[in-house]
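Next come the chains, spelled out residue by residue.
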Amino acid sequence: MSSKNVLRLLQSAREINAKTADYSVQASDFDSILTTRGAAGAVTFTLPAAANSKGGIVEFYCVADQNMIVAGQDEEIVSLNDLTADSVAFQTSSEKIGGGFRAVCDGTSWIVVPLAGEAQTVTIASS
């Protein structure tokens, strides 16, 4: 393998961490993947304030048959035709496992894109 290919592999390596309880995402989690593997109940991932997170990218994957919620600060999530959402979630029975979200911060909002199959419902909540 060429050194160029080795470098490409190293640059694409991402840390994967399982969280089994509610978790506040830290800047040290940027460019990583967070899962719900092993969770015995719902898990809420809370994103940090967008103003302090520009350039942050985090992915979330539901790998337990439990609700997975990605919450932001008040009205800081943009997702599926909602500019001011508070959270997005997989919480419909039999439509959770394998669902995911990619969250990208532009410094104003967290743009949260569902990574889901056609039979998975994404719930978006706004206050």
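This section reports on the structure supplied with the text. Remember, predicted model here, so these are calculated numbers, not experimental data. Numbering of residues begins from 1 in every chain and follows the order in which that chain's sequence is written. A pLDDT threshold of at least 70 governs which residues receive local features in this predicted model, and a stricter bar of 80 or more applies before side-chain atom pairs are shown or counted, although totals over entire chains, interfaces and linings include all residues. Note: side-chain values were computed over all heavy atoms of the structure, leaving out hydrogens and water.

1. As for the overall build of the protein
When helices and strands are tallied, the protein shows one helix and twelve strands. Helix numbering and strand numbering both begin at the N terminus, where a helix is a DSSP run of H or I of at least 4 residues and a strand a DSSP run of E of at least 2. Going residue by residue from the N terminus, the α and β elements of the protein occur as α-β-β-β-β-β-β-β-β-β-β-β-β. Within the protein, the proportion of its 127 residues that are buried is 39%. Type-normalised accessible area, obtained with a 1.4 Å probe on protein chains alone, sets the label of each residue: buried when under 20%, exposed when over 50%, and partly exposed for intermediate values.

2. Quick notes on the pairing of strand E5 (residues 57-61)
Both faces of the sheet carry side chains from a regular strand, because those side chains alternate between them. For two strands to pair, DSSP has to find at least two bridges joining them. Inspection of the sheet shows strand E3 (residues 32-35) paired to E5 by four bridges, in the parallel sense. Within the sheet, the bridge partner assigned to Ile33 lies in E5 and is Glu59. In this sheet, strand E10 (residues 100-105) lies alongside E5 in antiparallel orientation, the contact comprising five bridges. Residue pairing in the sheet places Tyr61 in a bridge with Gly100 of E10.

3. Here we look at the environment of Gln26
Here Gln26 is to be found in the loop between strand E2 (23-24) and E3. Judged by relative accessible area, which is 41%, Gln26 ranks as partly exposed. Sequence separation between Gln26 and Gly56 is 30 residues; the distance between their C-alpha atoms is 9.9 Å. Reaching out from Gln26, the side chain makes a polar contact with the backbone oxygen of Ser24 at a distance of 2.9 Å. Two N or O atoms count as a polar contact when they lie within 3.5 Å, although within protein this holds only if one can serve as hydrogen donor and the other as acceptor, and sequence-adjacent residues are included solely when both atoms are side-chain atoms.

4. Details of the packing of aromatic side chains
Two aromatic rings, drawn from Phe, Tyr or Trp (for Trp, its six-membered ring), form a pair once their centres lie within 6.5 Å of each other, and the interplanar angle then sorts them: stacked below 30 degrees, edge-to-face above 60, tilted otherwise. In the structure shown here, the tally under the stated rule is three aromatic pairs. Between Phe30 and Trp110 the ring centres are 5.9 Å apart and the planes differ by 65 degrees, which places this aromatic pair in the edge-to-face class. Taken together, the residues Phe30 in the loop between E2 and E3 and Trp110 in strand E11 (residues 110-115) connect sequence positions 80 residues apart. No difference in accessibility class separates Phe30 from Trp110, as the two residues are buried. Look at Phe45 and Phe60: their rings are 4.9 Å apart centre to centre, the planes differ by 40 degrees, and that puts the pair in the tilted class.

5. Details of the sheet that holds E5
The sheet built from seven strands is open, its strands ordered E1-E3-E5-E10-E11-E7-E8 with mixed pairing. The two strands at the open ends of the sheet, each matched to only one other strand, are strand E1 (16-18) and strand E8 (82-85). Between one strand axis and the next, the sheet turns by 25 degrees as a mean value, whatever way the strands run. Convention adopted: a line fitted to C-alpha atoms gives each axis, helices being fitted over their contacting stretch, and angles between N-to-C directions are expressed from 0 to 180 degrees.

6. Concerning unusual backbone geometry
Leaving glycine aside, a negative phi is the common case for residues, and trans is the common case for peptide bonds. Despite not being glycine, Asp31 has its phi angle at roughly 70 degrees, a positive value. Structurally, the position occupied by Asp31 is in the loop between E2 and E3. One non-glycine residue, Glu75, lies in the positive phi region at around 60 degrees. On the secondary structure map, Glu75 appears in the loop between strand E6 (68-71) and strand E7 (77-79).

7. Some thoughts on the environment of Asn67
Tracing the backbone shows Asn67 in the loop between E5 and E6. Linking Asn67 and Val43, residues 24 residues apart in sequence, is a C-alpha distance of 6.4 Å. Setting aside chain neighbours within four positions, we find Asn67 in contact with Ala42, Val43, Phe90, Gln91 and Lys96. Polar contacts involving the side chain of Asn67 include one to the side chain of Lys96, which spans 3.2 Å. Only heavy atoms matter for contacts: two residues are in contact if any of them lie within 4.5 Å across the pair.

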